[in-house]
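Spelled out, the chains give:
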Amino acid sequence: MNVDLLKNTSSVSEFILLGLSNSQEIQIFLFAIFFLVYVAIIVGNLLIVISVIVDNHLHSPMYFFLANLSFFDLCLSSAATPKVTADFLRKRKTISLWGCMAQMFFMHFFGGGEMSLLIAMAMDRYVAICKPLHYKTIMNRRALIVFLLLSWATGFIHTTSQMVFTVGLPFCGPNAVDSIFCDLPLIIKLACTDTYILELLVIANSGLLSLVCFILLLISYIVMLVTIWQHSSTASSKAVSTLSAHITVVTLFFGPAIFIYAFPFNSYSVDKFLSVFYSIITPLLNPIIYTLRNQEMKAAIKRLSSQHLGSWLTS
């Protein structure tokens, strides 16, 4: 990242975020909604992380991945939502050049990591359903750590491979971003240079990667569902419930990402709303989907709540 190059060629020190609406009443309403959503994201995902850590009933590979998914969701949402929420109360919504770069870096870092983690979760369910006798042998502690490290490494490589070129772009003209936060395709369009190669890189890196991963995940889930159908039982019914939750999360995560980054440089007015869904709504829906459809997780949260309530009453 060439800091000197950026300073010498860029006259833009900040970007103006156009937001979702110019109406003050609507912005106050949006502030309330986003604030409540962010609080729910923090509380919901923290409950999952803490429950998996402290409850012995949840010390299994599936819940290990679920806790880390919640952590990624916390980080992904926190990369943009606090700034977005505060901006609804500001008449002039701006973000510094380096603040914008940092925001994009962390959103793609945690987004890419979550993408890899969802694949690891699908592999865990595949082994549990298709090779149950070898499950504990394959999904051992070492394998879990390797999967987690690969998720972090994937996120870092994914964001660095794009940001290393973006951070050196010259910005000397328009600085208005038609979104509520910095988004890579929108920022690239504002550069005072030919960005055709970088546009292709974004499509290949974010768009095609999301699409390929989504297709591979769907194929793996189809194989698992066929295997379950061939071995109908009570345990299979529970597996179907777990798989349906996973498929829902995968669809909600990859759907907007594919639309935004596989076709990032066409003018779709719906893009900003998909960005909101991808970065803010999905981290809220993940804990809801997993807790409401998972009896063990609900029981663990109840035990955690009752323990803290009991200790509070006796203190």
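Residues numbered from 1 in each chain as written. Predicted model: local features only at pLDDT ≥ 70, side-chain atom pairs only at ≥ 80, totals over all residues. Heavy atoms only, no water.

- As named in an unreviewed UniProt entry, the protein chain is Olfactory receptor, taken from Neomonachus schauinslandi.
- Quoted straight from UniProt, the Function (unreviewed entry) entry for the protein chain says "Putative odorant or sperm cell receptor."
- What the UniProt record of the protein chain gives under Sequence similarities (unreviewed entry) is the line "Belongs to the G-protein coupled receptor 1 family." (UniProt positions renumbered as here; feature names shortened; annotations may be inferred.)

**Looking at the state of the cysteines**
Part 1 of the argument: Applying the stated criterion to the full structure yields two disulfides.
Part 2 of the argument: At a sulfur-sulfur separation of 2.2 Å, the disulfide partner of cysteine 172 is cysteine 192. Of this pair, cysteine 172 sits in the loop between α7 (141-166) and β3 (176-177) while cysteine 192 is found in the loop between α8 (184-189) and α9 (196-230), placing the two residues 20 residues apart along the sequence.
Part 3 of the argument: On the basis of relative accessibility, which here comes to 43%, the residue cysteine 172 falls in the partly exposed class.
Part 4 of the argument: In the protein chain, the bonded cysteines, taken in the order they occur along the sequence, pair up as 1-3, 2-4. (Disulfide = S-S within 2.5 Å. Helix = DSSP H or I, 4+ residues; strand = E, 2+ residues; numbered from the N terminus. Buried < 20%, exposed > 50% of the residue type's maximum accessible area, 1.4 Å probe, protein only.)

**Focus on the packing of aromatic side chains**
Part 1 of the argument: Per the stated rule, a full pass over the model turns up 15 aromatic pairs.
Part 2 of the argument: Considering the side-chain rings of phenylalanine 31 and phenylalanine 35, the 6.1 Å spacing of their centres and the 20° angle between planes classify their relative orientation as stacked. Of the two residues, phenylalanine 31 and phenylalanine 35 are both situated in helix α2 (residues 24-54); the distance of four residues between them amounts to about one turn of the helix.
Part 3 of the argument: Given the relative accessible area of 24%, phenylalanine 31 is considered partly exposed.
Part 4 of the argument: Under the relative-accessibility criterion, phenylalanine 35 is labelled partly exposed at 45%.
Part 5 of the argument: Ring centres of phenylalanine 72 and phenylalanine 110 lie 6.3 Å apart, and the angle between their planes is 65°; this geometry places the pair in the edge-to-face category. In this pair, phenylalanine 72 is assigned in helix α3 (residues 61-78) and phenylalanine 110 in helix α5 (residues 97-130), connecting sequence segments 38 residues apart. (Phe/Tyr/Trp six-rings, centres within 6.5 Å; stacked < 30°, edge-to-face > 60°.)

**Considerations on the environment of valine 226**
Part 1 of the argument: Within the fold, valine 226 resides in helix α9.
Part 2 of the argument: Linking valine 226 and cysteine 130, residues 96 residues apart in sequence, is a C-alpha distance of 9.9 Å.

**Let's talk about the UniProt feature "transmembrane region" (unreviewed entry) in the protein chain**
Part 1 of the argument: UniProt's entry tags residues 28-50, 62-81, 101-122, 143-165, 208-228, 240-263 and 275-293 with the feature "transmembrane region" (unreviewed entry), counted in the numbering of this structure.
Part 2 of the argument: In residues 101-122, the share of helix is 100% and the share of strand is 0%. The end C-alpha atoms are 32 Å apart.
Part 3 of the argument: Segment residues 208-228 splits into 100% helix and 0% strand. End C-alpha atoms: 30 Å apart.

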